[in-house]
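Examination of the molecular architecture
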Amino acid sequence: SVNVRLLPGDTAASAARRIRRIVADPLIEVDVVAASDPSPVSAWTGPAWERLAAATASALGADVVPTPYIQLGASDSRWFTAISDEVYRFTPFHLTRGEREALHSHNERIRVGVWLRGIAFYRDLVRAS
């Protein structure tokens, strides 16, 4: 069993072809059991990005700078790419190590002040849109 994380530009089919080429053994079959292609990369320039940056500055402070990165895990945001050209995976919550470790687990929690600051970000983002 192989679990493959795809980079932007790769597809499940191209990864399967590469694995078959690397294995290069006719006695070994490579079957794709489940797969999904990576979401398209959203622009880090232009109006949508500028609204995100403006909401970040107004709600979280000018010292918090949004930067592009590759999200390592799949999220529900992949379903929104069918209805929007720019889909950003962004969390405006400054979490402690303990809060990050508690995500999606027993006793998941977040400090009230952090929660309210995150809500302010989303409020400012909606107003900018």
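Up top you'll find the structure we're talking about.
Description of the structure in this document. (Residues numbered from 1 in each chain as written. Predicted model: local features only at pLDDT ≥ 70, side-chain atom pairs only at ≥ 80, totals over all residues. Heavy atoms only, no water.)

The next thing to look at is the layout of surface pockets. Of the volumes computed, that of the second largest pocket is approximately 430 Å³. What lines the second largest pocket is simply F90, T91, F93, L95, R100, L103, H104, E108, R109, I110 and Y122. (1 Å grid on protein atoms, 1.4 Å probe; cavity = no way out; pocket = protein on both sides within 12 Å on 5 of 7 lines; lining within 4 Å. Points joined across faces, edges and corners; volume = space filled by probe spheres on them.)

Counting seven residues, the largest nonpolar core is built from W49, L52, A55, A59, L60, A120 and F121. Looking at this core, the elements that each hand over two or more residues are helix 2 (47–60) and helix 4 (112–128). Among the elements that line this core, the one with the most residues is helix 2, at five residues. (Core = buried A, V, L, I, M, F, W, Y, C linked by side-chain atoms within 4.5 Å. Buried < 20%, exposed > 50% of the residue type's maximum accessible area, 1.4 Å probe, protein only. Helix = DSSP H or I, 4+ residues; strand = E, 2+ residues; numbered from the N terminus.)

Along its twelve residues, helix 1 (residues 12–23) runs 16 Å from first to last C-alpha, staying within 8% of the 16 Å computed at 1.5 Å per residue. Inspection of helix 1 places A12, A15 and A16 among the buried residues, and these make up the whole buried set. Down the axis, helix 1 shows its buried residues gathered within 100° of arc, on one side only. In helix 1, the exposed residues that point more than 90 degrees away from the buried face are R17, R18 and R21. Directly beyond the C-terminal end of helix 1, a positive phi value near 45° is found at A24. (Expected span 1.5 Å × (residues − 1). Arc of directions from axis to C-beta.)

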